[in-house]
Every structure is written in structure tokens, then in C-alpha cells.
Amino acid sequence: MANYITEDDIEVSLINILKSDELAFNFIQCDSNPNLKEQPDATNRTSKNNVFCRNLL
């Protein structure tokens, strides 16, 4: 059976590299579930459509 690397595998690996101590990028954890009323990412957004977070810039 062939060994496949999925797009998700690549994405997870790249995010882990960016979050490493060496690069120390910060990330917003955004749940894409449209049924959630509150954003669990501590950005104080009123909607997932708000992509510009002034308090984080």
C-alpha cells in the first residue's frame, strides 16, 4: 500500500514549525463550526466574519 501525505498532514506540520520556540508565531484557534455562538479564541470578535482583530495588532 502506498504511503500518502495529505494536505492536512502538511498543514499541521507547517503550523507546528511556525509555533516552535525558534520561530514563536502566535495563532488564533478558530473553530469553524457555524453553530457556535461564542468565539472560543479570546479575540472578542462578534462574528467569525470579523477577520481584522485590532486588539491583536
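Note that this is a predicted model, so its numbers are computed, not measured.

With that settled, the discussion passes to the overall build of the protein. On a plain count of helices and strands, the protein comes out with 1 helix and 0 strands. Considering the protein as a whole, with its 57 residues, one finds that 9% of them fall into the buried category. Of the roughly 5500 Å² that the protein leaves accessible, carbon and sulfur atoms contribute 52%.

A negative phi angle is the norm for most residues apart from glycine, just as the trans form is the norm for most peptide bonds. The backbone of Ala-24 shows a phi angle near 55°, a positive value even though the residue is not glycine. Relative to the assigned elements, Ala-24 resides in the segment after helix H1 (7-18).

A separate point is a negative patch on the surface. A contiguous patch of negative charge on the surface is contributed by Glu-7, Asp-8, Asp-9 and Glu-11. The topology assignment puts Glu-7 in helix H1. By relative accessible area, which is 67% here, Glu-7 ends up exposed.

Residues Ile-5, Ile-10, Leu-14, Ile-17, Leu-18, Leu-23, Phe-25 and Phe-27 make up a contiguous nonpolar surface patch of about 750 Å² in total accessible area. Inspection of the secondary structure puts Phe-27 in the segment after H1.

Structurally, Asn-26 can be placed in the segment after H1. Since its relative accessible area comes to 74%, Asn-26 is described here as exposed. Counting along the chain gives 11 residues from Asn-26 to Ile-15, while the straight-line C-alpha distance between them is 10.0 Å.

Cut-offs and rules
- Residues numbered from 1 in each chain as written.
- Predicted model: local features only at pLDDT ≥ 70, side-chain atom pairs only at ≥ 80, totals over all residues.
- Heavy atoms only, no water.
- Helix = DSSP H or I, 4+ residues; strand = E, 2+ residues; numbered from the N terminus.
- Buried < 20%, exposed > 50% of the residue type's maximum accessible area, 1.4 Å probe, protein only.
- Areas by Shrake-Rupley, 256 points an atom, 1.4 Å probe, with all protein chains shown as cover.
- Patch = residues over 30% accessible without salt bridge, like charges linked within 9 Å, V, L, I, M, F, W, Y side chains within 5 Å.
- Salt bridge = Lys/Arg side-chain N within 4 Å of Asp/Glu carboxyl O.
- Lys, Arg positive; Asp, Glu negative; His and termini not counted.
- Charge placed at Lys NZ, Arg CZ, Asp CG, Glu CD.

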